[in-house]
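Survey of secondary and tertiary structure
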Amino acid sequence: MSRAHVFIVTGANRGLGRSIVKLIAQRAESNNETRHIVMVGRDQQALEQVAQADAKNTFTYIVPSIELGKPAQEITEPILSKLNEVLLSASISSASSVYLTLMNSAGTICDLSKTVDQYSEEEVTEYTA
């Protein structure tokens, strides 16, 4: 029985979103499923670096240049287009079951991979300005 799990991770280019992508990819090896991660974020170069993580049974897809201040249709259209492409792929269509999970981590105001005492004064000023 083959399973496919599609994850949409917003804010995947840094911080919490980046960590979520890495964790999803790592855990694919221990589960009997193929994982497809649609990474959404602002910075294409950073998304490409995250996508280079080589994990067994994991495929990554990039939806770059997404800004939260844009109109909703401009944000959702490229994401839904990429999701449609993923769902029509051969590895998904041959799966006996498909799961879809949205991990919304876009819009966080700081690097959530750090604890409070790890922030510099400059970072605190940047995030609170």
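Residues numbered from 1 in each chain as written. Predicted model: local features only at pLDDT ≥ 70, side-chain atom pairs only at ≥ 80, totals over all residues. Heavy atoms only, no water.

1. A word on the overall build of the protein chain
Within the protein chain, the regular secondary structure consists of five helices and four strands. Along its sequence from the N terminus, the protein chain presents helices and strands in the succession β-α-β-α-β-α-α-β-α. A burial count over the protein chain gives 38% of its 129 residues as buried. For the protein chain, the proportion of contacts with a sequence separation of at least 24, taken over those separated by at least 6, is 65%. (Helix = DSSP H or I, 4+ residues; strand = E, 2+ residues; numbered from the N terminus. Buried < 20%, exposed > 50% of the residue type's maximum accessible area, 1.4 Å probe, protein only. Contact = heavy atoms within 4.5 Å.)

2. Observations regarding the sheet that holds strand β1 (residues 3-10)
Two strands in a sheet stick together by hydrogen bonds in their backbones, pointing the same way (parallel) or opposite ways (antiparallel). Sheet architecture is open: four strands sit in the order β3-β2-β1-β4, paired in parallel fashion. Taken across any chain shown, the strands that pair with only one partner, and hence form the sheet edges, are β3 (58-63) and β4 (97-104). Each strand of the sheet is rotated relative to its neighbour by a mean of 15°, with strand direction disregarded. Bridging between β1 and strand β2 (residues 33-40) involves eight bridges; their strand directions are parallel. Considered in β2, the bridge of Thr10 is made with Val40. Set on the sheet, helix α1 (residues 15-28) makes contact with β1, β2, β3 and β4; between it and β2 the angle comes to about 165°. (Pairing = 2+ DSSP bridges. Axes fitted to C-alpha atoms, helices over the stretch in contact; angles between N-to-C directions.)

3. A closer look at the nonpolar core
The nonpolar side chains of a soluble globular protein tend to be buried, and buried together. In terms of nonpolar packing, the biggest core is built from 14 residues, with Val6, Ile8, Val38, Val40, Val63, Ile79 and Val86 touching the most fellow members. Of all the elements in the fold, those that place two or more residues in this core are β1, β2, β3 and α3 (72-87). No other element matches the four residues that α3 contributes to this core. Val86 has contacts with Val6, His36, Val38, Tyr61 and Ile92, leaving out every residue within four places of it along the chain. If you look at the next biggest cluster of nonpolar residues, it comprises 13 residues, including Ala12, Ile20, Ile37 and Val50. (Core = buried A, V, L, I, M, F, W, Y, C linked by side-chain atoms within 4.5 Å.)

4. Examining the environment of Ala55
For Ala55, the location among the structural elements is in the loop between α2 (44-51) and β3. By relative accessible area, which is 13% here, Ala55 ends up buried. Remark: the alpha-carbon pair of Ala55 and Arg35, spanning 20 residues in sequence, is separated by 9.7 Å.

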